[in-house]
Amino acid sequence: MKQKPIWHFLFQLFLLTLAFFSAELIVALFVETKTPLPYAFGFLWSMLLAAISLLLPRKVGRIFFLVTFFLSGAYALVQAAHFDMFRKLTFFTAVFYAGEGAKFWLDILRSFPLLWWPCVAVVVAILILSARFFPKGAKPIPAAVTAVLCVFLLVLFPQLFIIENEETETTYTAMYDAEAVYSVTGYYHMTVRDLWCNVLFPDLGSAGQTQQLDRYFADRSKSGPNEMTGIYKDKNVVYVLLEAIDDWVITPENTPTMYRLMNEGISFENFYSPGFGSARTLSSELCINTGIYLPTSVGSLFDYDENQFPQSIANQAGKNGYSAEVFHYNDPAFYSRGTFEPLWGYGDYHGYCEYTSDENALFDECTVFTNPQLRDLFFREGKTFNTIITRSAHLSYYYKEKLSGYALSKYPEYRGKYSSEEEDCIRVKARLVDDMFTMLLSELEKRGRLEDTVIVAVTDHYAYGYNDQEEIKTLSGVDHELLLEKTPCFIWSADKPQIKVDKPVFTADVVPTMLNLLGIDSPYSYLGQDAFDPTYGGCVYFPDGSWIADGVVAFRNSSTATYDILANENDIDITVEYLLKMQQKAEAFIVANNAILPCDYYKTIK
């Protein structure tokens, strides 16, 4: 058979490379990069995949192309949508939580930007055209040479452009920020490295990580007793994880009971809920129980169901005579809570769906008190540590959504009350949570337990499901997405102090702070610190390397690897050395957090 000229092969290679490169361009439409290096990586990966497609026999090559392009195109669309919603890219471990978010798929699709849909059309069109017109008469030898050359350059490029630079090497090797990795490697290389390091060959435990953590904790001074130590000693604890209750929804008019508790008790005025991991509620839930966030990259929580958590607040409370239980509307299989809550020291996870089939009861935050079985479990004898996970303020925020509809049926005056449909819905949903606090206080008083109970309320994340991000910035009174992460956190007891804590603190500080307030002397070191330790000035770290400390709010721009200073309240002299020191602290925190679960660190501590 007559061989076709080399230019014919080059033309075929170009077309298939361009097809694969379209996935790289889709992500680039949403995520800014400052250098051409990511596109060079993306083009090499595209050419490699194209060459392999042409190297194989035509039928096999077509199947290879269709499968790999479908997967790469679909994942590029997922990354683009994720970035548009959360302003960050994600690692592949997010796929492990897809089942938990599946019930909200229609709400999520509603929030996608218009630009996303033409990108979907491009992916579909390339798939259809390729299935019909996949090239014939490929040249195996030129294709093989091209593939080998691409592999050589993909190995060489990191050595030349990444490893020799200290900052980009840290980004590349630590893999703590997907957007930062993308900014130096592009979509394809980031994805392949993510699959290799975090899925196919994850480092799920090593002596080296344990020793690294020992050094990390040894370098930090251990908090001692202070004037707040033991002020809630032996009190019953009601621990409330507030689903998406943003700071601006707590008002005297809309949520009078929460507003009262916040202003009568200890209110953390600069509390933040950073979005570590891919499942934000689960990450915050893990953190307020164990002091650990989900890793930013390696594995999902489901990988660690054989870990031990002796440092958790419920386990420590159990050693001090408490019995601990969890209450939530959902099934125990959701987020594997039925598996993990007992590991964290709880006797059981009580899903309301196991106690009632009435859908309205599942919508109602007060069900834990109105259902006789749940109420008896909650108000059992002895010292109790009860955790309530609320539901109501979860996305989405439009009138026809079921939970919004239920809330509006109870409070119809909220329809059209505020500036938008979304604001009406989130505020009326928050009203349902406030009703729960009102009934909690009533039930405690009825049983004579009000004086013997402390209520702790922590928000898991800001209302990121709010579609109009400009409106939510206005409602929050901020002008940057990093500042949206500020959320409510308060502690209330009938006979204890009224304090406003101004220092910046975050979810990791909750466990050591509460252990100190309860007078429980835990032998373990925690990533966070006691908020009332006079030697702790307060500091917040975010998973992208941003930080808040010393009155400075520093946003790390992942695409440029530089800091934007959003605030400098104390007029700190922000030198290069100061920024480098804080960057190293932020990276050390992230690396330490990412290592604790994989090496089951607390199991090794005696």
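Above this note sits the structure.
First, a word on what this report is: a plain description of the structure on this page. The structure presented is a predicted model; accordingly, all values stated were derived computationally and were not measured.

Conventions adopted
Residues numbered from 1 in each chain as written. Predicted model: local features only at pLDDT ≥ 70, side-chain atom pairs only at ≥ 80, totals over all residues. Heavy atoms only, no water. Helix = DSSP H or I, 4+ residues; strand = E, 2+ residues; numbered from the N terminus. Rg over C-alpha atoms; globule rule 2.2 N^0.38 Å. Contact = heavy atoms within 4.5 Å. Areas by Shrake-Rupley, 256 points an atom, 1.4 Å probe, with all protein chains shown as cover. Lys, Arg positive; Asp, Glu negative; His and termini not counted. Charge placed at Lys NZ, Arg CZ, Asp CG, Glu CD. 1 Å grid on protein atoms, 1.4 Å probe; cavity = no way out; pocket = protein on both sides within 12 Å on 5 of 7 lines; lining within 4 Å. Points joined across faces, edges and corners; volume = space filled by probe spheres on them. Nonpolar A, V, L, I, M, F, W, Y, C, P; charged D, E, K, R; others polar. Expected span 1.5 Å × (residues − 1). Buried < 20%, exposed > 50% of the residue type's maximum accessible area, 1.4 Å probe, protein only. Salt bridge = Lys/Arg side-chain N within 4 Å of Asp/Glu carboxyl O. Pairing = 2+ DSSP bridges. Axes fitted to C-alpha atoms, helices over the stretch in contact; angles between N-to-C directions. Disulfide = S-S within 2.5 Å. Parallel < 35°, antiparallel > 145°, perpendicular 65-115°, else oblique. Left-handed = near helix turned anticlockwise from the far one by under 90°.

### Quick word on the overall build of the chain
Next up, step 1: From N to C terminus, the chain includes 23 helices and 14 strands.
Next up, step 2: Its C-alpha atoms give the chain a radius of gyration of 26 Å, near enough to 25 Å, the size a compact globule of 606 residues would have.
Next up, step 3: Nonlocal contacts in the chain, meaning residues at least 24 apart in sequence, comprise 76% of its contacts between residues at least 6 apart.
Next up, step 4: Carbon and sulfur atoms form 59% of the exposed surface of the chain, whose accessible area is close to 24,700 Å².
Next up, step 5: Side-chain charges of the chain comprise 48 positive and 72 negative groups, with the mean position of each set lying 8 Å from the other.

### Examining empty space enclosed by the protein
Next up, step 1: For the coordinates displayed, the defined rule picks out 5 cavities of 30 Å³ or more.
Next up, step 2: One number sums up the size of the largest cavity: a volume of about 80 Å³.
Next up, step 3: Along the walls of the largest cavity sit Phe268, Phe271, Val456, Cys489, Ile491, Val505, Phe506, Asp509, Val510, Thr513, Met514 and Ala531, which together make up its complete lining.
Next up, step 4: Those elements that place two or more of their residues in the lining of the largest cavity are strand 8 (489–493), strand 10 (505–506) and helix 21 (510–517).
Next up, step 5: Broken down by class, the residue content of the lining of the largest cavity amounts to 10 nonpolar, 1 polar and 1 charged.

### Re helix 19 (residues 421–446)
Next up, step 1: Taking 1.5 Å per residue as the helical rise, helix 19 with its 26 residues ought to reach 38 Å, and the 38 Å between its terminal C-alpha atoms agrees with that figure.
Next up, step 2: Most of helix 19 is tucked away: 20 of the 26 residues are buried.
Next up, step 3: Of the residues flanking the end of helix 19, it is Gly448, one or two places downstream, whose phi is positive at about 70 degrees.

### Considering the pattern of salt bridges
Next up, step 1: This structure, assessed with the given rule, holds 15 salt bridges.
Next up, step 2: A salt bridge links Lys417 to Glu253, with the shortest nitrogen-to-oxygen separation between them at 3.5 Å. Separated by 164 residues along the polypeptide, Lys417 in the loop between helix 18 (402–410) and helix 19 and Glu253 in the loop between strand 1 (236–242) and helix 11 (256–264) bring together distant segments of the chain.
Next up, step 3: A relative accessible area of 51% places Glu253 in the exposed class.

### Things to note about the sheet that holds strand 2 (residues 266–268)
In a beta sheet, neighbouring strands are held together by backbone hydrogen bonds and run either parallel or antiparallel to one another.
Next up, step 1: Reading across the sheet, the 8 strands line up as 5-4-6-1-7-8-2-9 and stay open at both edges, with mixed pairing between neighbours. Either end of the sheet is taken by a strand with one partner, and the two such strands are strand 5 (349–351) and strand 9 (499–501). Mean inter-strand twist for the sheet, computed between neighbouring axes without regard to direction, equals 15 degrees.
Next up, step 2: In the sheet, strand 4 (residues 322–328) pairs with strand 6 (residues 383–389) via 6 bridges, with the strands oriented parallel. From the neighbouring strand, Glu325 faces strand 6, where its bridge partner is Asn386.

### Here's the deal with the state of the cysteines
Next up, step 1: Tallying each qualifying case throughout the model produces 0 disulfides.
Next up, step 2: In this structure Cys425 is a free cysteine whose sulfur lies 19 Å from that of Cys366, the closest cysteine sulfur available.
Next up, step 3: Looking at Cys425, the relative accessible area reads 0%, which means it is buried.

### Quick look at the packing of helix 1 (residues 6–30) against helix 9 (residues 178–200)
Axes are the key here: two packed helices are described by the angle between their axes and the distance separating the axes.
Next up, step 1: Running from N to C, helix 1 and helix 9 point in directions that differ by 145 degrees, and their axes come no closer than 9 Å. For the pair helix 1 and helix 9, contact is made by Phe20, Ala23, Glu24, Val27 and Ala28 and by Tyr182, Gly186, Tyr187 and Tyr188, respectively.
Next up, step 2: Broken down by class, the residue content of the contact of helix 1 with helix 9 amounts to 7 nonpolar, 1 polar and 1 charged.

### Quick notes on the packing of helix 1 against helix 7 (residues 140–161)
Next up, step 1: Two numbers describe how helix 1 lies on helix 7: the axes approach to 10 Å, and their chain directions differ by 50 degrees. As summarised for this structure, helix 1 and helix 7 are arranged oblique, according to the angle between their axes. Like other packed secondary-structure pairs, helix 1 and helix 7 cross with a definite hand, here right-handed. Here Ile6, Phe9 and Leu13 of helix 1 come into contact with helix 7, specifically with Pro142, Ala143 and Thr146.
Next up, step 2: Counted by class, the contact of helix 1 with helix 7 contains 5 nonpolar, 1 polar and no charged residues.

### Some details on unusual backbone geometry
Next up, step 1: Between Leu395 and the following residue, Ser396, the backbone shows a cis peptide bond with an omega angle of 10 degrees.
Next up, step 2: Structurally, Ser396 can be placed in the loop between strand 6 and helix 18.
Next up, step 3: Unusually for a residue other than glycine, Tyr335 sits at a positive phi of about 60 degrees.
Next up, step 4: Inspection of the secondary structure puts Tyr335 in the loop between strand 4 and helix 14 (337–343).
Next up, step 5: Of the residues examined, Tyr335 reaches a relative accessible area of 12% and is grouped as buried.
Next up, step 6: At Asp600, a position not held by glycine, the phi torsion is positive, near 50 degrees.

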